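Chain by chain, the residues:
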Amino acid sequence: ARTLTPQTAETDAIRFLVGTQSLRYDNQIHIIDFDDENNIINKNVLLHQVGEIWHLSTSPADKGVLATCYNKISDNKVLTCAAVWRMPKELESGSHESPDDSSSNTQALELLCHLDNTAHGNMACVMWEPMGDGKRIISLADNNILLWDLQESSAKAMLSSSTALEGRGQLKFTSGRWSPHHNCTQIATANDTNVRGWDTRTMKQIYCIENAHGQLVRDLDFNPNKQYYLASCGDDCKVKFWDTRNVTEPVKSLEEHSHWVWNVRYNHSHDQLILTGSSDSRVILSNMVSISSEPFGHMVDDDELSDQEDHQQEENKEPLQDSVIATYEEHEDSVYAVEWSSADPWLFASLSYDGRLVINRVPRALKYHILL
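Conventions used here
Residues numbered from 1 in each chain as written. Predicted model: local features only at pLDDT ≥ 70, side-chain atom pairs only at ≥ 80, totals over all residues. Heavy atoms only, no water. UniProt positions renumbered as here; feature names shortened; annotations may be inferred. Helix = DSSP H or I, 4+ residues; strand = E, 2+ residues; numbered from the N terminus. Buried < 20%, exposed > 50% of the residue type's maximum accessible area, 1.4 Å probe, protein only. Contact = heavy atoms within 4.5 Å. Areas by Shrake-Rupley, 256 points an atom, 1.4 Å probe, with all protein chains shown as cover. Patch = residues over 30% accessible without salt bridge, like charges linked within 9 Å, V, L, I, M, F, W, Y side chains within 5 Å. Salt bridge = Lys/Arg side-chain N within 4 Å of Asp/Glu carboxyl O. Pairing = 2+ DSSP bridges. Axes fitted to C-alpha atoms, helices over the stretch in contact; angles between N-to-C directions. pLDDT = per-residue confidence, 0-100. Phe/Tyr/Trp six-rings, centres within 6.5 Å; stacked < 30°, edge-to-face > 60°. Lys NZ or Arg CZ within 6 Å of the ring centre and 35° of its normal. Disulfide = S-S within 2.5 Å.

Looking up the chain in an unreviewed UniProt entry gives the name EIPR1 protein, with the organism given as Crypturellus soui. Listed under Sequence similarities (unreviewed entry) in UniProt, the entry text for the chain is "Belongs to the WD repeat EIPR1 family."

Here's what the structure looks like:
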């Protein structure tokens, strides 16, 4: 398995979706429900009969809708395609019991529409408009950015605009993220060693971080609480943090991994918490306080302080140090995906190539340090 996503629209139950990559069997999407109170994982399986799943993303507005990028063989060539699916009604919301006899109970996904990429090449990923009604998605196919409108309850995808990356050589996007800021009018893409920003209204490039990494850029993520801030990671084993208004130098760099970094994710609520996963089989949780939206801890209102407290508060204004909080070594294979839960900000999942999914919590001491 290589791909994992939280069910974005599910904000009550802790739920992740995993896509498999099996050559021998029909591929599947596993719906993983975590029962926090009893520490139990429940699993439901959906058949994805069209091919190996390389990328998964879920609608921010509709719990039942998801998109996959998958391989299929046509004319002896392997093509990566993308489609939008609906899961069975009874599986849409979280916290379900696992069926007793899971073998007889495998259900299929309902195909809503294909994102037709015959003219555009192989799909790398599909991104949903983060704050939207689940009707606008962007797909990256080879060197093309395609903006789709989903119509008729997502049964039809209309291409509303597109642009192509021009230049020498075989240009290909590896990944992209849709920014939750600026009214959702910006996306960032990674191709080769570069990171580019695009305006979705004009489909024009707005910034370019050339040679953001010494080798291929694998993943990107926007700081959810601080506009202009973007994290990137890549095959040079580094994680870098950028202010997109000044792209000459990263604001910070992390060099904790010893092999390619596949994934970087900001915590949705507490943006100093950064998760990274790497082919060194480790997941690292870092506390990047200095570039977070609360560099001095909890914001205190001036009116609440008396003179004496005021003086004390000044002394305490030392910003906390950036640090690695924990290194998780439960995986024995390359970690291809790390994701925060969309329901519980202190919980995250990681997935390695051998199909092992691990769910972890932010250490309690740190959680209380952030909250109190």
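Colleague: Looking at this model, I keep getting lost on the overall build of the chain. Mind explaining?
Modeller: Helix and strand content of the chain: two helices and 28 strands. Evaluated residue by residue, the chain yields a buried proportion of 52% over its 372 residues. Put simply, 50% of the contacts in the chain that link residues at least 6 apart link residues at least 24 apart. In the form shown here, the chain has an accessible surface area of approximately 17,600 Å², with 44% of it arising from carbon and sulfur atoms.

Colleague: It is not clear to me how a nonpolar patch on the surface should be interpreted in this structure. Could you clarify?
Modeller: Among the surface-exposed residues, Tyr368, Leu371 and Leu372 lie close enough to one another that they form a single nonpolar patch of about 340 Å² accessible area. Locating Tyr368 in the fold gives a position in helix 2 (residues 364-371).

Colleague: What exactly am I supposed to notice about the pattern of salt bridges here?
Modeller: Pairs can form between side chains of opposite charge once their charged atoms are near each other. With the rule as written, the count across this model stands at 17 salt bridges. Between Glu92 and Arg86 there is a salt bridge whose closest N-O contact spans 3.1 Å. One exposure class covers both Glu92 and Arg86, and it is buried. Between Lys89 and Glu92 there is a salt bridge; the shortest N-O distance is 3.3 Å.

Colleague: Hey, could you run me through the sheet that holds strand 9 (residues 110-115) in this one?
Modeller: Backbone hydrogen bonds hold the strands of a sheet together, and the pairing may be parallel or antiparallel. If you walk across this open sheet you meet the four strands as 5-6-7-9, and the pairing is antiparallel. Strands at the two margins of the open sheet, each flanked by one partner only, are strand 5 (53-58) and strand 9. Averaged over all adjacent pairs, the angle separating strand axes in this sheet is 30°, with direction ignored. As paired strands, strand 5 and strand 6 (residues 65-74) are joined by five bridges and run antiparallel to one another. The residue bridging Thr58 from the neighbouring strand is Leu66, located in strand 6.

Colleague: Looking at this structure, I do not really get unusual backbone geometry. What am I missing?
Modeller: For residues other than glycine, phi is negative in most cases, and the peptide bonds are mostly trans. Of note in this structure, Asn39 is not a glycine but carries a positive phi near 55°. As for its position among the elements, Asn39 is in the loop between strand 3 (27-35) and strand 4 (40-48). The residue Asp192 is not glycine, and still its phi comes out positive at about 55°. As for its placement among the helices and strands, Asp192 is situated in the loop between strand 15 (186-191) and strand 16 (194-199).

Colleague: Mind showing me how you'd approach the confidence of the model for the chain here?
Modeller: A low pLDDT means the predicted coordinates there should not be read in detail. Summary statistics for the chain give a mean pLDDT of 89 and a share of 90% for residues scoring 70 or more. Taken element by element, the predicted model of the chain shows its lowest mean pLDDT in helix 1 (residues 307-315) (46) and its highest in strand 27 (residues 347-352) (97). Every residue in residues 299-317 is under pLDDT 50, and counting partners more than four places away or in other chains gives eight contacts.

Colleague: Just to check I follow, could you spell out the UniProt feature "repeat: WD" (unreviewed entry) in the chain for this structure?
Modeller: Annotation from UniProt places "repeat: WD" (unreviewed entry) at residues 210-246. Structurally, residues 210-246 is divided into 0% helix and 46% strand, and its ends, taken at the C-alpha atoms, are 12 Å apart.

Colleague: Sorry if this is basic, but what is going on with the packing of aromatic side chains here?
Modeller: Two descriptors summarise a pair of aromatic rings, namely the distance from one centre to the other and the angle between the planes of the rings. Scanning all chains against the criterion turns up seven aromatic pairs. On the numbers, 6.5 Å between centres and 80° between planes, the contact of Phe173 with Trp198 is edge-to-face. A residue pair is termed long-range when its members are at least 10 positions apart, and Phe173 in strand 14 (residues 173-178) and Trp198 in strand 16 qualify at 25 residues. For the pair formed by Phe173 and Trp198, the shared burial category is buried. Geometrically, the ring pair formed by Trp260 and Trp262 is tilted, given 6.3 Å between the ring centres and 50° between the ring planes. Through successive ring pairs, a cluster of aromatic residues spans Trp260, Trp262, Tyr336 and Tyr353. Over the ring of Trp262 we find Arg218; its NZ or CZ atom is 4.0 Å from the centre of that ring. Stacked on the ring of Tyr229, the Lys or Arg Lys226 has its end atom at 4.2 Å from the ring centre.

Colleague: Explanation requested: the environment of Asn183 in the structure shown.
Modeller: By the element assignment, Asn183 lies in the loop between strand 14 and strand 15. Classification of Asn183 as exposed rests on a relative accessible area of 73%.

Colleague: Sorry if this is basic, but what is going on with the state of the cysteines here?
Modeller: What is meant by a disulfide is a covalent connection between two cysteines, made through their sulfur atoms. Taken as a whole and judged by the stated rule, the model has zero disulfides. For the unlinked cysteine Cys125, the closest cysteine sulfur is that of Cys69, found at 6.5 Å. A relative accessible area of 4% means that Cys125 is categorised as buried.

Colleague: Any chance you could explain the sheet that holds strand 24 (residues 283-287) here in plain terms?
Modeller: If you trace the four strands from one edge of the open sheet to the other, you get 22-23-24-25, paired in antiparallel fashion. Both edges of this open sheet fall to strand 22 (261-266) and strand 25 (323-328), since each of them pairs with a single strand only. Mean inter-strand twist for the sheet, computed between neighbouring axes without regard to direction, equals 20°.

Colleague: Sorry, what's going on with the pairing of strand 19 (residues 229-234) here?
Modeller: Within a regular strand, side chains alternate between the sheet's two faces. Of all the six residues making up strand 19, six are buried; the element is thus mostly covered by neighbouring parts of the structure. What you see with strand 19 is no split at all: Tyr229, Ala231 and Cys233 on one side and Leu230, Ser232 and Gly234 on the other are buried throughout. Once strand 18 (residues 217-222) ends, the chain turns through six residues before running back antiparallel as strand 19, passing Tyr228 with a positive phi of about 75°. As judged from the five bridges shared by strand 19 and strand 20 (residues 239-243), these two strands associate in the antiparallel manner. From the neighbouring strand, Tyr229 faces strand 20, where its bridge partner is Asp243. What sits between the antiparallel neighbours strand 19 and strand 20 is a turn of four residues, in which Cys237 has the positive phi angle 70°.

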